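# Close look at the chain arrangement
Next come the chains, spelled out residue by residue.
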Amino acid sequence: MAIVDLDVHQGNGTARIFRDDPTVFTLSLHGQKNFPFRKERGDLDVDLPDGTGDEAYLQALERALEELAQRFDPDLVIYLAGADPHEGDRLGRLKLSAAGLAERDRRVLQALRERAIPVALSMAGGYGRVIEDTVALQLTTVKLALHSWRQWNNNTAHDRARAS
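Now for a quick tour of the structure.

How each quantity is defined
Counting from 1, residues in each chain are numbered in the order their sequence is written. Local features are withheld for residues below a pLDDT of 70 in this predicted model, meaning they are given only at 70 or higher, and side-chain atom pairs are given and counted only at 80 or more; totals for whole chains, interfaces and linings count all residues. With hydrogens and water excluded, all non-hydrogen atoms of the structure serve as input to the side-chain values. Residues qualify for a patch when their relative accessible area is over 30% and they have no salt bridge, like charges being joined within 9 Å and the nonpolar side chains of Val, Leu, Ile, Met, Phe, Trp and Tyr within 5 Å. The Shrake-Rupley method, run with a 1.4 Å probe sphere, supplies the accessible areas, and residue values consider only the shown protein chains as cover. In the sections that follow, a salt bridge refers to a side-chain nitrogen of Lys or Arg positioned within 4 Å of a carboxyl oxygen of Asp or Glu. Numbering goes from the N terminus for both helices and strands, where a helix is a DSSP run of H or I of at least four residues and a strand is a run of E of at least two. Burial here depends on accessible area, computed with a 1.4 Å probe over protein chains only, as a share of the maximum for the residue type. Under 20% is buried, over 50% is exposed, and the range in between is partly exposed. Using a grid of 1 Å spacing that covers the protein atoms alone, one calls a set of points a cavity when a 1.4 Å probe fits there but cannot get out, and a pocket when the set is open and has protein on both sides within 12 Å along at least five of seven lines; lining residues are those with an atom within 4 Å of a point. Grid points are joined across faces, edges and corners, and a volume is the space filled by probe spheres set on the points. Under the convention adopted here, Pro, Cys and the residues Ala, Val, Leu, Ile, Met, Phe, Trp and Tyr are nonpolar, Asp, Glu, Lys and Arg are charged, and Gly plus all remaining residues are polar. Paired strands, as defined in this entry, are two strands with at least two bridges between them according to DSSP. Inter-axis angles, ranging from 0 to 180 degrees, are taken between N-to-C directions of lines fitted to C-alpha atoms, where helices are fitted over the stretch in contact. In what follows, a contact means two residues having at least one pair of non-hydrogen atoms within 4.5 Å. We define the nonpolar core as a collection of buried residues of types Ala, Val, Leu, Ile, Met, Phe, Trp, Tyr and Cys that are connected through side-chain atoms lying within 4.5 Å of one another. Within this scheme the basic residues Lys and Arg register as positive and the acidic residues Asp and Glu register as negative, but His and the chain ends are omitted. In the analysis that follows, any N or O atom pair within 3.5 Å is treated as a polar contact, provided that within protein one partner can donate a hydrogen and the other can accept it, and provided that, for residues neighboring in sequence, both atoms belong to side chains.

## Things to note about a nonpolar patch on the surface
A surface patch of nonpolar side chains, about 300 Å² in accessible area, is lined by Leu121, Met123, Leu139 and Val142. Counting only elements with at least two residues in the nonpolar patch, the list comes to strand E5 (119-123) and helix H4 (131-163). Structurally, the position occupied by Leu139 is in helix H4. Classification of Leu139 by relative accessible area gives partly exposed; the value is 44%.

Below, the structure is given as C-alpha cells:
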C-alpha cells in the first residue's frame, strides 16, 4: 500500500506510523515552512517553498509520482486530497489555483489508473477564507475521482470483452 498525501501539511502521522513498515510507502508534497515545523521522515517527502504555484507544484508532483512508480509497486493507494494548497486558503501558504488543484487530482488518478492501482480517496485539509470555495474544491476532487472510476470500469469491461 502507498499513501499519497497532498495536504499542504506534511503527512507526519502516517510517516511516523509506517516508518518501520516496508509494506507501506508514504509520499507527501507539502509546504516546507508549514506545520508541523519538525517533520517526520517519510519514504518520499517533497518540501515546497511558500508561494509555490501551479506549474512548479505540478512539476514536483510528476517527479514524485515517477519516483513512487520506480521505488514501489503498491496494491492500493490511499490518496489524501487536501484543498489547503489552494491560493485562497488561510493556512496553506501555497498558491495553487482551482484549475491547478483539479489538474493535480487528474494526474494522480490517471497515474494510478494507468498502473491499474486501486485508490481510496480521502478528503483532507481546507481552511479557505470562503468556505464555499473550499467545498467547491473538494467537490471537484470527488467528481474527478468518479470520472476516473468510470474510465477504470470502461477499460475493465473492454478488457473482459476482448478476453471472451
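## With respect to the layout of surface pockets
The calculated volume of the largest pocket comes to roughly 190 Å³. Lining the largest pocket, in full, are Glu62, Leu65, Glu66, Leu68, Ala69, Arg107, Val108, Gln110, Ala111, Leu112, Glu114 and Arg115. Residue contributions to the lining of the largest pocket peak at six residues, all from helix H3 (residues 98-114). For the lining of the largest pocket, the residue count by class is six nonpolar, one polar and five charged.

## Quick notes on the pairing of strand E3 (residues 44-48)
Only one face of E3 is buried, namely the one carrying Leu44, Val46 and Leu48, since none of Asp45 and Asp47 on the opposite face is buried. Looking at chain direction, strand E2 (residues 25-31) and E3 are connected through five bridges and run parallel. Its bridge partner lying in E3, Leu29 is registered against Val46.

## Brief notes about the sheet that holds strand E4 (residues 77-81)
Strand order in this open sheet of five strands is E3-E2-E1-E4-E5, and the pairing throughout is parallel. Edge strands, defined here as strands with exactly one partner in the open sheet, are E3 and E5. Averaged over all pairs of adjacent strands, the angle between strand axes in this sheet comes to 10°, irrespective of strand direction. Strand contacts of helix H2 (residues 54-71): strand E1 (2-5), E2 and E3, with the helix running at about 170° to E2, the strand carrying the most contacts. Packed on one face of the sheet, H3 meets E4 and E5 and runs near 175° to E4.

## A few points about the nonpolar core
If you look at the biggest cluster of nonpolar residues, it comprises 29 residues, and the most contacted ones within it are Leu6, Leu27, Leu29 and Tyr57. Where this core is concerned, the elements lending two or more residues are E1, E2, E3, H2, E4 and H3. With seven residues, H2 is the single largest residue contributor to this core. Those residues within four positions of Leu27 in sequence are excluded, and the remaining contacts are Ile3, Val4, Asp5, Leu44, Ala64, Leu65 and Leu68.

## Comments concerning the side chain of Arg113
Among the secondary structure elements, Arg113 is positioned in helix H3. The buried charged residue Arg113 lacks any salt bridge partner; its closest oppositely charged side chain belongs to Glu114, at an N-O distance of 5.9 Å. Within the local environment of Arg113, its side chain forms a polar contact with the side chain of Ser148, the two groups lying 2.7 Å apart. Leave out the neighbours within four places in its chain, and Arg113 touches Ser148, Gln151 and Trp152.

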